[in-house]
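Per-entry structural report
Chain residues, written in single-letter form:
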Amino acid sequence: MSDVAHLGPVELLTPTAERSLAFFVDVLGMEVEGQDGASVYLRGWGDYQRYSLVLTESAQAGMAWLGLRASSPEALRRRVAAVQGTGLGEGWSEGARGRGPSYRFRDPDGHNFELYYECERYDPPEHLRPALKNQPQRYLGRGAAVKRLDHVNVLAADVRSSREFAQEALGYRLYERVELDDGSEAGAWLSASIAAHELIYTRDAYGARGRLHHLAFWVDTREECLRAADLFLDHGIKIEAAPSKHAIAQGFFLYGIEPGGNRIEVTTGGYFVFDPEHPTVTWTEEERARGQAWGVHTVESFHTYGTPPVDAADVRPDGEAMR
Ligand code: FE
């Protein structure tokens, strides 16, 4: 087992808190676990922790931080020491809601992470108690009824340096990547587990730093993805990419833009990596030009839009986003 067990929770920022909350509760079907000031804590019915998403009102959309749970107290100490060695560590805090001591750091691109081990398991109230003792919460079937947070895709001005940091300091495995004809890296699909992807870095088209591409929530079947698309449509949620299958990681997807502007995916499928010597799959520019698995070409915005939004004019030559 790797030192990082899995990712989550994640804090998402929204300038339209009320409408974003309605999206996550009514359309995605998540449950409100608690509320604290400008933050609402949300969970899928399959999340074993108290929450997997913190939704916080803010002037701009984007990701505030991404949590990573270590697999043991020793693993936490090892990873903190490795991060400190890179000079990107920021220090300990006593931890957010339901969580023990957390170590804050940044990746080379400037995304915030919180590494922790101790956390509370979800203890459902009576009306959410499941019939089966191996399920964290009752299945209600509201909206898309997403089960859990699945993966997070962030944008990076320089994919390679953040990808190498994730491998060397955090112990992630690199399952797939895209290398362009000029030798630069356009994307890296990393995982701390056998899931084909958990943490993804793709190139920021504007060369900006610290931005989010999307958060993905899991459902068990393709049919539920299609049903989620019907729900997005009738709730006025912009569908950016209708359901289809990715070539990379083979995930079945639906991408929409929640009211606050953040891209949210409903996903299923993919594959598991059982081979401890799994060779990294490298996709070429020509192969990528063929589109997704079934030949569908993703719309241009999928390759440029992220949160917080930036225009080319808003990015300084050093890559720092100005707003
Ligand atoms: Fe995805």
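Residues numbered from 1 in each chain as written. Predicted model: local features only at pLDDT ≥ 70, side-chain atom pairs only at ≥ 80, totals over all residues. Heavy atoms only, no water.

**Here's the deal with the sheet that holds strand 10 (residues 173-179)**
- Across the sheet, which stays open at both edges, the nine strands sit in the order 14-15-16-13-9-12-11-10-17 with mixed pairing between neighbours. Each having just a single partner strand, strand 14 (238-245) and strand 17 (281-284) make up the two edges of the open sheet. Sheet twist, expressed as the average angle between the axes of neighbouring strands with direction ignored, equals 15°.
- As paired strands, strand 13 (residues 212-218) and strand 16 (residues 263-269) are joined by four bridges and run parallel to one another. Across the sheet, the residue bridging to L215 is I264, located in strand 16.
- Relative to the sheet, helix 4 (residues 222-234) contacts strand 14, strand 15 (251-257) and strand 16, its axis offset from that of strand 15 by approximately 10°. (Pairing = 2+ DSSP bridges. Helix = DSSP H or I, 4+ residues; strand = E, 2+ residues; numbered from the N terminus. Axes fitted to C-alpha atoms, helices over the stretch in contact; angles between N-to-C directions. Contact = heavy atoms within 4.5 Å.)

**What to know about the nonpolar core**
- Among the nonpolar cores identified, the biggest contains 58 residues, and F24, L28, L68, Y172 and F217 are the most heavily contacted of them.
- Counting residues per element, this core draws most heavily on helix 4, which supplies five residues.
- Apart from the residues within four sequence positions on either side, Y172 is in contact with V4, L7, L68, A166, Q167, L190, S191, A192, E198 and L199. (Core = buried A, V, L, I, M, F, W, Y, C linked by side-chain atoms within 4.5 Å. Buried < 20%, exposed > 50% of the residue type's maximum accessible area, 1.4 Å probe, protein only.)

**Structural notes on the side chain of D150**
- Within the secondary structure, D150 sits in strand 9 (residues 148-156).
- In this structure D150 comes out as buried when scored by relative accessible area, which is 10%.
- At a separation of 2.9 Å, a polar atom in the side chain of D150 contacts the side chain of R148.
- Setting aside its immediate chain neighbours within four residues, D150 contacts L7, H197, E198, A216, F217, W218 and T267. (Polar contact = N/O pair within 3.5 Å; in protein donor to acceptor, adjacent residues only side chain to side chain.)

**What about a nonpolar patch on the surface?**
- A cluster of nonpolar side chains, contributed by I194, F272 and F274, occupies part of the molecular surface with about 360 Å² of accessible area.
- Within the element layout of this structure, F272 appears in the loop between strand 16 and strand 17. (Patch = residues over 30% accessible without salt bridge, like charges linked within 9 Å, V, L, I, M, F, W, Y side chains within 5 Å. Areas by Shrake-Rupley, 256 points an atom, 1.4 Å probe, with all protein chains shown as cover. Salt bridge = Lys/Arg side-chain N within 4 Å of Asp/Glu carboxyl O.)

**Re the coordination of the iron ion**
- Those donors, H151 (NE2), H214 (NE2) and E265 (OE), are the protein atoms that reach the iron ion, and they lie 2.0 to 2.2 Å from it.
- Along the chain, the residues donating to the iron ion are arranged with the sequence spacing H-x62-H-x50-E. In this pair, H151 is assigned in strand 9 and H214 in strand 13, connecting sequence segments 63 residues apart. Comparing H151 with H214 shows no difference in burial state: the two are buried. (Donors = N, O, S within 2.8 Å, 3.2 Å for Na, K, Ca; no water.)

**So, the pairing of strand 7 (residues 102-106)**
- Strand direction decides the pairing type here: strand 6 (residues 89-93) and strand 7, joined by four bridges, are antiparallel. If you follow S93 over to strand 7, its bridge partner there is S102.
- Judged from the five bridges that link them, strand 7 and strand 8 (residues 112-116) form a sheet pairing that is antiparallel. Along strand 8, the bridge assignment pairs F105 with F113.
- Adjacent in sequence and paired antiparallel, strand 7 and strand 8 are bridged by five residues, among which G110 carries a positive phi angle near 105°.

**Points about helix 2 (residues 73-86)**
- Spanning 14 residues, helix 2 covers 20 Å between terminal C-alpha atoms, matching the ideal 20 Å at 1.5 Å per step.
- When we look at burial in helix 2, the residues that qualify are A75, L76, R79, V80 and V83. Down the axis of helix 2, the smallest arc covering the buried residues is 130°, so these residues share one side. For helix 2, the exposed residues set more than 90 degrees away from the buried face come down to R77 and G85.
- The elements touched by buried residues of helix 2 are strand 5 (62-70), strand 6, strand 7, strand 8 and helix 3 (159-168).
- Directly beyond the C-terminal end of helix 2, a positive phi value near 80° is found at G87. (Expected span 1.5 Å × (residues − 1). Arc of directions from axis to C-beta.)

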